[in-house]
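Below, each chain spelled out in residue letters.
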Amino acid sequence: MTTTDWAAAADLRLADWHPRSRLVAEATQVSRSAVACIDVHNHLGRWLTPPGWTAPSVDELVALMDRRNVATIINLDGMHGDELEANLDRYDRAHPTRFVTFCQLDWALLAEPDGEERLTAQLRDSARRGARGVKVWKNLGLSVRDASGALVLPDDVRVVRVLALAGSLGLPVLIHVADPIAFFDPVDQFNERIDELRANPDWWFGDRSVHPTFDRLLTALETLVLATPGTTYIGAHVGCVAEDLDRVERLLAAAPNWNVDIGGRLAELGRQPRRFSQLLDRFGDRVLFGTDAFPLTDEALTTHFRFLETYDEAFGYSPGDAVPPQGRWTVSAVGLSGTVLEAVYAGNARRLLGLNAPAAASS
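Just so you know, these numbers come straight off a predicted model, no measurement behind them.

1. A short note on the environment of Pro 186
Phase 1: With respect to the helices, strands and loops of the structure, Pro 186 is situated in the loop between strand E6 (173-175) and helix H7 (194-199).
Phase 2: On a C-alpha basis, the gap between Pro 186 and Phe 205 in space is 9.2 Å, while along the polypeptide they are 19 residues apart.
Phase 3: The contact partners of Pro 186, leaving out residues within four places of it in the chain, are Asn 191 and Trp 204.

The structure is reproduced here in structure tokens:
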């Protein structure tokens with residue numbers, strides 16, 4: 001006879017609740033991307049994992065890419081100076097066509113009297129060394145301050161001038177502004193990302209005495225993009241606002257130089273696959289494949305392939321995690337095919353970054 005401790009069930013903490021779905025649903029295995037793909041959003045350097053490289057073995061990474069049909073990875077961790085050289089030596093120069101490295105700029109220089117001039121010189125130097133683009137991180141707007149102590153937002157005139165120069169140098173800019181909207185909300189019973197914030201309290205930006213509002217940061221981003229039409233942008237994480245695809249579409253419509261990647265936002269897109277499909281119907285030539293999964297794994301890639309290529313419903317977007325890391329829900333696939341799938345996987349990146357057509361990786 002089976003008995004149930006109803007008192008224990010009544011007192012079960014949410015943190016201890018790990019429900020197992022009883023849904024019987026299609027589970028399609030997609031081991032290789034249908035088109036040799038380009039991951040435009042990844043981290044292969046060592047600024048996020050000092051002192052070691054995020055990808056400890058380049059040979060193993062290349063083998064993974066071959067196994068899963070990844071033609072090229074964009075490495076956003078080039079930084080500048082000697083660190084840029086180290087990234088270029090390790091990836092781009094050692095494995096031509098398989099890796100493309102972007103530089104970053106030291107925006108903290110804006111605290112110096114000649115900060116803008118030094119940033120301009122740094123950008124020119126990075127281009128000369130071989131950087132293929134610029135990565136702008138969320139610290140611009142959240143923590144970078146100038147000599148007066150004021151936060152430097154993306155629509156600051158100095159930022160506008162520096163990133164306009166990037167465009168004139170032929171360097172696309174992949175930019176990450178703000179973070180998920182819930183990271184700016186009160187940490188209370190209504191916050192849908194409370195698991196993640198409890199585990200990473202420094203990811204919360206809801207203190208208005210320290211950080212701008214989410215809307216102010218997104219408005220600054222939009223102002224920057226519109227003010228620099230000669231610069232090609234890729235908005236990280238579905239334009240930095242995957243929770244509001246209407247807003248994403250408005251900027252895509254207003255700014256022909258604006259594009260978005262899907263890196264790190266499977267959870268958001270997978271809970272609105274029909275709305276995402278509508279966006280692709282209109283702007284399929286402006287959306288790029290990216291994972292933001294580092295270190296990159298077979299599982300991360302095949303989960304992305306399943307999302308893009310099948311019609312599977314209600315599956316875990318991060319298999320193996322006890323609690324979904326970006327929200328307690330499952331995702332459903334978008335089922336792309338044909339020209340849209342090819343464009344998202346590789347064609348758009350190839351055009352925007354000036355890359356040659358990717359050759360099919362070996363089986």
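2. Points about helix H3 (residues 81-92)
Residues separated by three or four positions in an α-helix point in the same direction, a consequence of the helix having 3.6 residues per turn.
Phase 1: Its twelve residues give H3 an end-to-end C-alpha distance of 16 Å, which sits within 8% of 16 Å, the value for a rise of 1.5 Å per residue.
Phase 2: Within the sequence span of H3, burial applies to Gly 81, Leu 84, Ala 86, Asn 87, Leu 88, Tyr 91 and Asp 92.
Phase 3: Among the structural elements, helix H2 (58-68), strand E2 (70-75), strand E3 (99-101), strand E4 (103-104) and helix H4 (115-129) are those in contact with the buried residues of H3.

3. Focus on the packing of aromatic side chains
Phase 1: Using the criterion set out here, one finds eleven aromatic pairs in the structure.
Phase 2: Measuring from centroid to centroid gives 6.2 Å for Phe 276 and Phe 307, while their planes differ by 15 degrees, and the two rings are stacked. Of this pair, Phe 276 sits in helix H12 (residues 273-283) while Phe 307 sits in helix H13 (residues 298-309); the two residues are 31 residues apart in sequence, bridging distant segments of the chain. The burial state of Phe 276 is the same as that of Phe 307; both residues are buried.
Phase 3: Taken together, the aromatic side chains of Trp 53, Tyr 91 and Phe 99 make up a single cluster linked through ring pairs.
Phase 4: A cation over an aromatic ring shows up here: Arg 271 above the ring of Trp 329, its NZ or CZ 3.9 Å from the ring centre.
Phase 5: If you follow Arg 306 out to its NZ or CZ, it ends over the ring of Phe 315, 3.9 Å from the centre.

4. Thoughts on empty space enclosed by the protein
Phase 1: As enumerated under the stated definition, the model contains one cavity of 30 Å³ or more in all.
Phase 2: Approximately 40 Å³ is the volume found for the largest cavity.
Phase 3: Taken together, Leu 218, Leu 221, Glu 222, Gly 239, Val 241, Arg 247, Val 248, Leu 251 and Trp 258 make up the lining of the largest cavity.

5. Concerning the pairing of strand E1 (residues 37-42)
Phase 1: Within E1, six of the six residues are buried, which leaves it mostly tucked inside the rest of the structure.
Phase 2: Pairing between E1 and E2: four bridges, direction parallel. Following the sheet pairing, Ile 38 is matched in E2 by Thr 72.

6. Observations concerning the environment of His 43
Phase 1: Structurally, His 43 can be placed in the loop between E1 and H2.
Phase 2: For the pair His 43 and Pro 295, spaced 252 residues apart in sequence, the C-alpha to C-alpha distance is 7.7 Å.
Phase 3: When neighbours within four sequence positions are excluded, His 43 is seen to be in contact with Leu 48, Thr 54, Asn 75, Leu 76, Asp 77, Lys 135, Asp 292 and Phe 294.
Phase 4: Separated by 3.2 Å, the side chains of His 43 and Asp 292 make a polar contact.

7. So, the sheet that holds E6
Phase 1: A sheet is described by the order of its strands in space; here six strands give the open sequence E4-E5-E6-E7-E8-E9, paired in parallel fashion. Each edge of the sheet is formed by a strand with only one pairing partner; in this case those strands are E4 and strand E9 (287-288).
Phase 2: Here strand E8 (residues 258-261) pairs with E9 via two bridges, running parallel. Residue pairing across strands places Val 260 opposite Val 287, the latter belonging to E9.

8. Observations regarding the side chain of Asp 77
Phase 1: Mapped onto the fold, Asp 77 is located in the loop between E2 and H3.
Phase 2: Lys 135 provides the closest opposite charge to the buried, unpaired Asp 77, separated from it by 6.1 Å.
Phase 3: At 2.8 Å, the side chain of Asp 77 forms a polar contact with the side chain of Trp 47.
Phase 4: The residues contacting Asp 77, other than those within four sequence positions of it, are His 43, Leu 44, Gly 45, Trp 47, Leu 48, Thr 54, Asn 87, Phe 102 and Gln 104.

9. Structural notes on the layout of surface pockets
Phase 1: By volume, the largest pocket is sized at about 1100 Å³.
Phase 2: What lines the largest pocket is a set of 37 residues, among which Trp 203, Gly 264, Asp 292, Phe 294 and Gln 326 lie closest to the centre.
Phase 3: Elements represented by at least two residues in the lining of the largest pocket include exactly helix H11 (266-269) and H13.
Phase 4: Residue contributions to the lining of the largest pocket peak at four residues, all from H13.
Phase 5: When its residues are assigned to classes, the lining of the largest pocket shows 16 nonpolar, eleven polar and ten charged.
Phase 6: Estimated volume of the second largest pocket: approximately 640 Å³.

10. As for the packing of H4 against helix H6 (residues 157-168)
Phase 1: Packing of H4 against H6 leaves a shortest axis separation of 10 Å and a crossing angle of 20 degrees. In terms of axis orientation, H4 runs roughly parallel to H6. In this structure, H4 crosses over H6, and the sense of that crossing is right-handed. Contact residues: H4 offers Glu 116, Leu 119, Thr 120, Leu 123 and Arg 124, while H6 offers Arg 158, Arg 161, Val 162, Leu 165 and Ala 166.
Phase 2: Looking at the contact of H4 with H6 residue by residue, the class counts come to five nonpolar, one polar and four charged.

11. Overview of the sheet that holds E1
Phase 1: With parallel pairing, the three strands of this open sheet are ordered in space as E1-E2-E3. Lying at the two open borders of the sheet, with one neighbouring strand each, are E1 and E3. With direction set aside, neighbouring strand axes in the sheet form an average angle of 15 degrees.
Phase 2: Strand direction decides the pairing type here: E2 and E3, joined by three bridges, are parallel. Each bridged residue has a counterpart across the sheet, and for Ile 74 the counterpart in E3 is Val 100.
Phase 3: Packed on one face of the sheet, H2 meets E2 and E3 and runs near 135 degrees to E2.

Reading the values: rules and limits
- Residues numbered from 1 in each chain as written.
- Predicted model: local features only at pLDDT ≥ 70, side-chain atom pairs only at ≥ 80, totals over all residues.
- Heavy atoms only, no water.
- Helix = DSSP H or I, 4+ residues; strand = E, 2+ residues; numbered from the N terminus.
- Contact = heavy atoms within 4.5 Å.
- Expected span 1.5 Å × (residues − 1).
- Buried < 20%, exposed > 50% of the residue type's maximum accessible area, 1.4 Å probe, protein only.
- Phe/Tyr/Trp six-rings, centres within 6.5 Å; stacked < 30°, edge-to-face > 60°.
- Lys NZ or Arg CZ within 6 Å of the ring centre and 35° of its normal.
- 1 Å grid on protein atoms, 1.4 Å probe; cavity = no way out; pocket = protein on both sides within 12 Å on 5 of 7 lines; lining within 4 Å.
- Points joined across faces, edges and corners; volume = space filled by probe spheres on them.
- Pairing = 2+ DSSP bridges.
- Polar contact = N/O pair within 3.5 Å; in protein donor to acceptor, adjacent residues only side chain to side chain.
- Lys, Arg positive; Asp, Glu negative; His and termini not counted.
- Salt bridge = Lys/Arg side-chain N within 4 Å of Asp/Glu carboxyl O.
- Nonpolar A, V, L, I, M, F, W, Y, C, P; charged D, E, K, R; others polar.
- Axes fitted to C-alpha atoms, helices over the stretch in contact; angles between N-to-C directions.
- Parallel < 35°, antiparallel > 145°, perpendicular 65-115°, else oblique.
- Left-handed = near helix turned anticlockwise from the far one by under 90°.

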